[in-house]
Structure formats: structure tokens, C-alpha cells
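Commentary on secondary and tertiary structure
The chain contents come next:
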Amino acid sequence: MEEMRMSPIIARVDKLKNVAGGRETLSFVLRKTELAPFTEMRLSHAVPLTFQGVAENFDRIIKITGTVSACFSAVCDRCGDVTDVTVTTDFSEAFTNLPEKVSEGEEADDGVHFFEGDSIDLLPYIEQALFLAMPMKILCREDCR
């Protein structure tokens with residue numbers, strides 16, 4: 001049975017979704033030890049995950065852009081020691097609550113994700129952005145043997 005996770009990164013868009021040209025600043029800080037189950041890396045206890053950005057309404061499409069940064073505890077690929085890896089990356093995703101703005105089967109192609117209600121769970125998208133920005137090789141230091 002799959003465990004349901006409560007997301008700590010929710011963008012409230014109840015006012016923004018109906019205001020053409022509307023803009024809101026977003027800021028999140030996340031202190032927890034585990035992200036998505038696809039990675040064995042854990043967030044560092046000392047440094048929280050941060051997201052700074054904006055949400056803008058463009059013709060009922062809410063575009064959320066910003067920067068996400070996190071420090072992970074990971075195992076060095078050469079020596080096996082635990083080391084911290086800081087990952088910072090740009091974030092850009094588009095969302096709509098109008099089904100006609102997202103054609104069936106084309107969601108991944110046009111980059112517009114469907115949402116319902118007054119909020120958008122950003123955690124899965126932030127996890128994906130961080131995962132894609134991870135270095136291919138984790139090294140504790142450049143000259144590690």
C-alpha cells in the first residue's frame with residue numbers, strides 16, 4: 001500500500017487564479033529528512049530546502065518561477081564517505097484549472113499541469129527539479145581518490 005505524503009510546499013492560488021495579470025511572491029523553507037523515494041539522499045539537517053519565486057496569472061495559466069536550493073547528505077562515489085552536496089537550480093512550471101487549456105495526453109508536451117481547488121502542491125515538481133540538477137558523480141572533494 002502506497003503511503004500518502006502530506007506536502008509542506010503548497011502554493012495558495014485562490015485569489016490569483018481569477019485575476020488576469022495577477023502576481024504573488026512565494027517563499028518556502030522545508031526542514032525534513034526525506035524527499036521523494038526515488039533518491040537515497042537526505043536533506044541536510046543543518047541547511048533547509050528553500051524556494052523563492054513568484055506566481056503569475058497569464059490568461060488563466062499560472063506560471064510559477066523561482067530558485068530552489070537544498071543541501072543533501074550523500075555518499076561519495078569514490079571513497080564512500082558521507083558528504084554534503086548543495087544543489088541550486090531554476091524552477092519554472094505552468095498550471096491551470098481549466099481542462100480546455102490542457103489537452104488530454106498532451107500535458108507533458110506543452111508543460112501545463114492541471115490542478116483543482118485553491119492550491120497547488122509544488123513538492124513533486126521541486127523534487128523533480130532538484131533530482132535533475134543533481135551532479136552525475138558525488139564527490140566529497142575534487143581530489144578524492
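Bear in mind that the values here come from a model prediction, so they are computed numbers and not experimental data. Every residue gets a number counted from 1 within its own chain, in the order that chain's sequence is written. Local features in this predicted model are restricted to residues whose pLDDT is 70 or higher, and side-chain atom pairs enter the listing and the counts only when it is 80 or higher, whereas totals over whole chains, interfaces and linings include all residues. Calculation of side-chain values draws on the structure's entire complement of heavy atoms; hydrogens and water are dropped beforehand.

**Looking at the environment of I10**
So the rule is basically this: Strands here are runs of E lasting at least two residues and helices are runs of H or I lasting at least four, both read from the DSSP assignment and numbered beginning at the N terminus. Contacts are assigned to residue pairs with any non-hydrogen atoms lying within 4.5 Å of each other.
For I10, the position within the fold is in strand β1 (residues 10-12). Along the sequence, I10 and L123 sit 113 residues apart, while their C-alpha atoms lie 7.6 Å from each other. Each residue touching I10, except ones within four places of it in the same chain, is listed here: F28, S119, I120 and D121.

**Some details on the pattern of salt bridges**
Counted only if it meets this: We define a salt bridge as a side-chain nitrogen of Lys or Arg found within 4 Å of a carboxyl oxygen belonging to Asp or Glu. Summary of the burial criterion: residues with accessible area below 20% of their type's maximum are buried, those above 50% are exposed, and those between are partly exposed, where the area comes from a 1.4 Å probe applied to protein chains only.
Counted under the stated rule, the structure contains four salt bridges. The closest approach of N and O atoms between D118 and K17, which form a salt bridge, is 2.7 Å. Separated by 101 residues along the polypeptide, D118 in the loop between β7 (112-114) and β8 (119-121) and K17 in the loop between β1 and β2 (23-30) bring together distant segments of the chain. The class of D118 is partly exposed, set by a relative accessible area of 34%. Taking relative accessible area as the criterion, K17 reaches 13% and is therefore assigned buried. The salt bridge involving R23 is made with E56; its shortest N-O contact spans 3.0 Å. Here the residue R23 occupies a position in strand β2, and E56 occupies one in strand β4 (residues 49-58), the gap between them amounting to 33 residues. Owing to a relative accessible area of 54%, R23 belongs among the exposed residues under this scheme.

**Digging into the pairing of strand β6 (residues 82-96)**
Put simply, the rule reads: For two strands to count as paired, DSSP must find a minimum of two bridges between them.
As paired strands, strand β5 (residues 61-75) and β6 are joined by 14 bridges and run antiparallel to one another. Within β6, the position partnered with I62 by the bridge is F95. Where β5 folds back on β6, the antiparallel hairpin that results is connected by six residues, among which G80 adopts a positive phi of roughly 85°. Where β6 lies against β7, three bridges are found, and the strand directions are parallel. Paired with F95 across the bridge in β7 is H113.

**Structural notes on the side chain of N97**
As for its position among the elements, N97 is in the loop between β6 and α1 (107-110). Residue classification places N97 among the buried residues on the basis of a relative accessible area of 18%. Here N97 is in contact with K17, R60, F114 and F115, once residues within four sequence places are set aside.

**Quick word on the side chain of N57**
One can find N57 in strand β4. When sequence neighbours within four positions are dropped, the list of residues in contact with N57 reads L16, K17, N18, V19, A20, G21, G22 and I62.

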